[in-house]
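Secondary and tertiary structure notes
So the chains spell out like this:
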Amino acid sequence: MNWDLLLTDANIATMVAEGPAYGAIQDAALAIADGNIAWLGAAQDLPEANIAETRSLQGRWITPALIDCHTHLVFAGNRAQEFEQRLKGASYEEIARAGGGIMSTVNATRDASTGTLLSQTQARLQTLRAEGCATVEIKSGYGLNLESELRLLEVVRELERNAGISISSTFLGAHAIPTEFKNDSDGYIDLVCNEMMPAVVERELADAVDAYCETIAFSTAQIARVFESARACGLPVKLHADQLSDGGGAALAAEFSALSADHLEYTTDSGTDALAQAGTVAVLLPGAFLTLGETQVPPIEQLRDKRVPIAIATDCNPGTSPVCSLRTTMSLATSLFKLTPEECLAGATRNAATALGLEADRGTLETGKRADLAIWDIDHPQVLSYWIGTNELSELFVAGQPL
Ligand SMILES: [Zn+2]
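Residues numbered from 1 in each chain as written. Predicted model: local features only at pLDDT ≥ 70, side-chain atom pairs only at ≥ 80, totals over all residues. Heavy atoms only, no water.

**Describing the coordination of the zinc ion**
Put simply, the rule reads: Coordinating N, O and S atoms are those within 2.8 Å of the metal (3.2 Å for Na, K and Ca), and as water is not part of the atoms, a site may appear to have fewer donors than expected. A four-donor site is called tetrahedral if each angle lies between 85 and 135 degrees; a four-donor site is square planar, and a six-donor site octahedral, when trans pairs exceed 155 degrees and the remaining angles lie between 65 and 115; all other cases are labelled irregular. Comment: elements are numbered from the N terminus, with helices defined as DSSP H or I runs of at least four residues and strands as E runs of at least two. Exposure categories follow from relative accessible area, calculated using a 1.4 Å probe and restricted to protein chains: below 20% of the type maximum is buried, above 50% is exposed, and the middle band is partly exposed.
In the first shell of the zinc ion, the protein supplies H70 (NE2), H72 (NE2), H240 (NE2) and D315 (OD), at 2.1 to 2.3 Å from the metal. Classification of the site at the zinc ion rests on its four donor atoms, whose angles at the metal span 84 to 170 degrees, yielding the label irregular. Of note, the donors binding the zinc ion are all from one chain and are spaced H-x1-H-x167-H-x74-D. Taken together, the residues span a long stretch of sequence, with H240 in strand β12 (residues 238–241) and D315 in the loop between β15 (310–312) and α12 (326–337) at a distance of 75 residues. In this structure H240 comes out as buried when scored by relative accessible area, which is 4%.

This is the structure:
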């Protein structure tokens, strides 16, 4: 055996589903070869190997690198002014009349130069990376016309080439009804299915297709059309489902074998049954729950009982979740949703990988998987969901390379 690097004097949280809590291995070592995990286990079981370099981690913990599986990172401007207006008592309607709301972000994004979009998104990515994220999903959805949606996805692909971490690109043309189609949402869905989707696929700009199923956005019938188009193009789907009302979103996502159904505050029994049967991941977004002052908590107990994998993500966006920290999101998931610290870490690693269809090569620490590692100055991984605002990341490896 030839190993490029052996990390010794470590504690490892493999985060595999079966076995001890956190998949913990104390006094452990981990070997990397060709960017993958070549071996890991208790130090006393270390086999003979040719080792190019050995490093002691002095008791630090290794976990899978974090994965933020739901973000809207690519946008221009912000909505801080509207945020302040709202806190001063302005109603949603007054804000919308003054040009606020999602269309203000769409307009700012359409008007921004590609360079501005690249640099602003890069800065947000860097913030996530600095706290241990090695894979980040980014959705389009603030273009809402052919040209702008393609440009946002091209920005995402450009970032993927240069960010040093992995990026998963999601086409979210069906995010909101643009002003141009205010009274013709079916006409907009025609555009998404007949023009945007083929162009996105032809340019290989997306790894998945997402949509927003809600009374203020698109109906289940409209989403089904988007998902049929995605299926015809061979792209997997995900869905913003049941965030503000029970619209049957989870069941619809399950019907199309979605990778994930996200939000789920109002998902009912039949919805969680459908997710369990389809193997669809439930992605919970406590940042949006907090920002919107929601009180209806997602059906955590049902998800647990039915063994639906639970992931958590920042949902980083300028309107409803101005949260650019997965570590903070983990902490919010404990306080707002009563997830355990182990569930939070699984939600930001193993189950987040599954929500992106990437579970074959990341999300847990196992031989043969990509060596995406976060190394932490902590005495136990429960600490990662405990503190808010600290950063115990010592080092981040992507595909075996320290960043
Ligand atoms: Zn979202």
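**Some thoughts on the sheet that holds strand β9 (residues 133–139)**
Here is the rule we go by: The criterion for strand pairing is that DSSP finds at least two bridges linking the strands in question. An axis is simply a line fitted to the C-alpha atoms; with a helix, the fit covers only the stretch in contact. Between two such axes, the angle follows the N-to-C directions and lies from 0 to 180 degrees. Note on contacts: a residue pair is in contact if any heavy atoms of the two residues lie within 4.5 Å.
Strand order in the open sheet formed by eight strands is β8-β9-β10-β11-β12-β13-β14-β15, with parallel pairing between adjacent strands. Every other strand in the sheet has two partners, leaving β8 (66–68) and β15 as the edge strands with one partner each. For this sheet, the mean angle separating the axes of adjacent strands, direction not counted, is 25 degrees. Sheet analysis places β9 next to strand β10 (residues 166–174), joined by five bridges and oriented parallel. Following the sheet pairing, T135 is matched in β10 by S166. Strand contacts of helix α5 (residues 146–162): β9 and β10, with the helix running at about 175 degrees to β10, the strand carrying the most contacts. Across the face of the sheet, helix α7 (residues 220–232) comes into contact with β10, β11 (208–213) and β12 while running at roughly 175 degrees to β11.

**As for the packing of aromatic side chains**
We count it as follows: Working definition: a ring pair exists when centres of Phe, Tyr or Trp rings (six-membered ring for Trp) sit within 6.5 Å. Plane angles under 30 degrees give stacked, over 60 give edge-to-face, the rest tilted. For a Lys NZ or an Arg CZ to count as sitting over a ring, it must be within 6 Å of the ring centre and within 35 degrees of the ring normal.
Considering all chains together, one arrives at seven aromatic pairs under this definition. Pairing F75 with Y142 gives two aromatic rings, centres 6.2 Å apart and planes at 70 degrees, and the pair type is edge-to-face. Residue F75 is found in the loop between β8 and α1 (80–87), and its partner Y142 is found in the loop between β9 and α5; the two are separated by 67 residues along the sequence. Of the residues examined, F75 reaches a relative accessible area of 5% and is grouped as buried. The exposure class of Y142 is buried, given its relative accessible area of 2%. With centroids separated by 5.4 Å and ring planes inclined at 65 degrees, the aromatic side chains of Y386 and W387 adopt a geometry described as edge-to-face. The class of Y386 is exposed, set by a relative accessible area of 61%. Looking at R124, its charged tip hangs above the ring of F75, at a distance of 3.7 Å from the centre.

**Some details on the packing of helix α4 (residues 114–130) against α5**
The following threshold applies: Angles are sorted into four bins: roughly parallel if under 35 degrees, roughly antiparallel if over 145, roughly perpendicular if 65 to 115, and oblique for all others. Take the far helix as the reference: if the near one is turned anticlockwise from it by less than a right angle, the crossing is left-handed, and if turned clockwise, right-handed.
One can describe the packing of α4 onto α5 by two numbers: an axis separation of 10 Å at closest approach and a directional angle of 50 degrees. Here α4 lies oblique to α5, going by the angle between them. At the point where α4 passes α5, the crossing takes the right-handed sense. For the pair α4 and α5, contact is made by T114, L117, L118, T121, Q122 and L125 and by R151, L152, V155, E158 and L159, respectively.

**Overview of the environment of W3**
Here W3 lies in strand β1 (residues 2–3). Separated by 47 residues in the primary sequence, W3 and N50 have C-alpha atoms spaced 6.0 Å apart. In this structure W3 touches A31, I32, A33, A38, W39, L46, P47, A49, N50, I51 and A52, once residues within four positions along its chain are discounted.

**Here's the deal with the pattern of salt bridges**
Operational definition: Here a salt bridge means any side-chain nitrogen of Lys or Arg lying within 4 Å of a carboxyl oxygen belonging to Asp or Glu.
With the rule as written, the count across this model stands at 21 salt bridges. Here D273 makes a salt bridge to K306, at a shortest N to O gap of 2.9 Å. Within this pair, whereas D273 is found in helix α9 (residues 269–278), its partner K306 is found in the loop between α11 (300–305) and β15, the two being separated by 33 residues in sequence. For D273, a relative accessible area of 36% corresponds to the partly exposed category. Residue classification places K306 among the partly exposed positions, given a relative accessible area of 24%. Two residues, E343 and R304, come together in a salt bridge whose shortest N-O distance is 2.6 Å. A residue pair is termed long-range when its members are at least 10 positions apart, and E343 in helix α13 (residues 341–347) and R304 in helix α11 qualify at 39 residues. In this structure E343 comes out as partly exposed when scored by relative accessible area, which is 22%. By relative accessible area, which is 28% here, R304 ends up partly exposed. Connected via shared salt-bridge partners are R79, E82 and R86.

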